Amino acid sequence: MELRDIEIFLTLAEELHFGRTAERLHVSVARVSQAIKKQERAIGAELFARNSRSVRLTALGEQLRDDLRQVYQGLTQTLDRARLAARGKTGTLRVSLFPANVQELRRYWETFRARHPQWELRLRRSAYRDPFAQLRDGETDILVTWLPVEEPDLTVGPLLFAEPRVLAVAGDHVLTRRSSVSLEAVGDFRHVAAESVPGYWLDHYVPEITPGGRAIDRTAIVDGIEDTFMATAMGEAVALFPAHVSRYYPRPDITYLPVKDMDALPYGPVWRSDAENDMIRAFARVVRDLGPLPG
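Residues numbered from 1 in each chain as written. Predicted model: local features only at pLDDT ≥ 70, side-chain atom pairs only at ≥ 80, totals over all residues. Heavy atoms only, no water.

**Section: the pattern of salt bridges**
Okay, step 1: Taken as a whole, this structure holds 28 salt bridges when the rule is applied.
Okay, step 2: The residue glutamate 139 makes a salt bridge to arginine 124 at a minimum N-O spacing of 3.9 Å. Of this pair, glutamate 139 sits in the loop between helix H6 (133–136) and strand S5 (142–146) while arginine 124 sits in strand S4 (residues 119–125), and the two are 15 residues apart along the sequence.
Okay, step 3: Assessed through its relative accessible area of 28%, arginine 124 is described here as partly exposed.
Okay, step 4: A salt bridge links glutamate 151 to arginine 136; its shortest N-O distance comes to 2.9 Å. Note that glutamate 151 is positioned in the loop between S5 and strand S6 (154–156) and arginine 136 in helix H6, a separation of 15 residues in sequence.
Okay, step 5: Overall, the relative accessible area of 35% leaves arginine 136 in the partly exposed class. (Salt bridge = Lys/Arg side-chain N within 4 Å of Asp/Glu carboxyl O. Helix = DSSP H or I, 4+ residues; strand = E, 2+ residues; numbered from the N terminus. Buried < 20%, exposed > 50% of the residue type's maximum accessible area, 1.4 Å probe, protein only.)

Structure representation (structure tokens):
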């Protein structure tokens, strides 16, 4: 099995979506499908059960994922170290991000690179599903996420920024008659949510109840931001976001309305406590030295 095919298999095992896997790896959907079929022919059994509505790992696929994950990480880390050494680098800090405002956070990336030319900084977008698994599995070193994070094995770093909230609705939604909305109004509509996330963490992003005590229907399950936009644009759900999403994702089929009675949503870096190293500490120092983005 070629290294690229292993990468495709493990990415699909995480995303459970051929389109997102192809987008993340910058290949075609056909290439993903071809690699999986090739692996299944070589093994002699299906690794994924798939139909027009869903993709899931078979029991054999789960076993292969678990067996390959550490092997693949070891191989890629060995190759990365060799490539870095050839460029005079001694390590790579991998940062996974939930927020989309990468450019607005540029001063942190540039300062880290300027202070520590011996290290490489690698950024990527984070998947919605099981958000802290990537830290625990060693796939990333730092996760930039909204707070609070109250996991006993994770350390929360200094504040990066805090933003007011907006509600994304379909362009022809009844709420577009208003210039702003209250959180109470969110209780009138179905809201998106993700699976396999801690309840307290989701509650801070999308409260379980409105200020008036009504339950917010959080049953529109999505796997990523594109799924969120699809459900929103089709009028199947509404979606709370930090305000920067309206700047980075302007769309003709979606309207963003300021939410006037929600606190600003804070974001910061989080890492596995027992994996803390010089690179992580150096990044946290950069954030402390520069301070949070102005509100």
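**Considering the environment of proline 292**
Okay, step 1: Along the polypeptide, proline 292 turns up in the segment after helix H11 (278–290).
Okay, step 2: As a C-alpha pair, proline 292 and arginine 136 span 156 residues in sequence and 26 Å in three-dimensional space.
Okay, step 3: Contact partners of proline 292, with chain neighbours within four places excluded, come to Arg107, Tyr108, Leu159, Leu160 and Phe161. (Contact = heavy atoms within 4.5 Å.)

**What about the pairing of strand S8 (residues 165–170)?**
Okay, step 1: Counting buried residues along S8, six of its six residues qualify, which places the element largely inside the surrounding structure.
Okay, step 2: Relative to strand S11 (residues 239–242), S8 is paired through four bridges, and the arrangement is antiparallel. Bridge assignment links alanine 168 to a residue of S11, and that residue is alanine 239. (Pairing = 2+ DSSP bridges.)

**A closer look at the packing of aromatic side chains**
The description of an aromatic ring pair rests on the distance of the ring centres and on the angle between the ring planes.
Okay, step 1: Under the counting rule described, the total for this entry stands at 13 aromatic pairs.
Okay, step 2: On the basis of an interplanar angle of 10° and a centroid distance of 4.7 Å, the ring pair of phenylalanine 161 and tyrosine 267 is categorised as stacked. Of this pair, phenylalanine 161 sits in strand S7 (residues 161–163) while tyrosine 267 sits in strand S13 (residues 265–272); the two residues are 106 residues apart in sequence, bridging distant segments of the chain.
Okay, step 3: Look at phenylalanine 161 and you get buried, because its relative accessible area is 2%.
Okay, step 4: Classification of tyrosine 267 as buried rests on a relative accessible area of 2%.
Okay, step 5: Both rings, one in phenylalanine 229 and one in tyrosine 249, keep their centres 5.1 Å apart while their planes meet at 50°; by these two values the pair is tilted. Placement of phenylalanine 229 in helix H9 (residues 225–233) and of tyrosine 249 in the loop between helix H10 (244–248) and strand S12 (254–258) is noted, with a sequence separation of 20 residues between them.
Okay, step 6: Over the aromatic face of tyrosine 205 sits the side chain of arginine 165, whose NZ or CZ is 4.7 Å from the ring centroid. (Phe/Tyr/Trp six-rings, centres within 6.5 Å; stacked < 30°, edge-to-face > 60°. Lys NZ or Arg CZ within 6 Å of the ring centre and 35° of its normal.)

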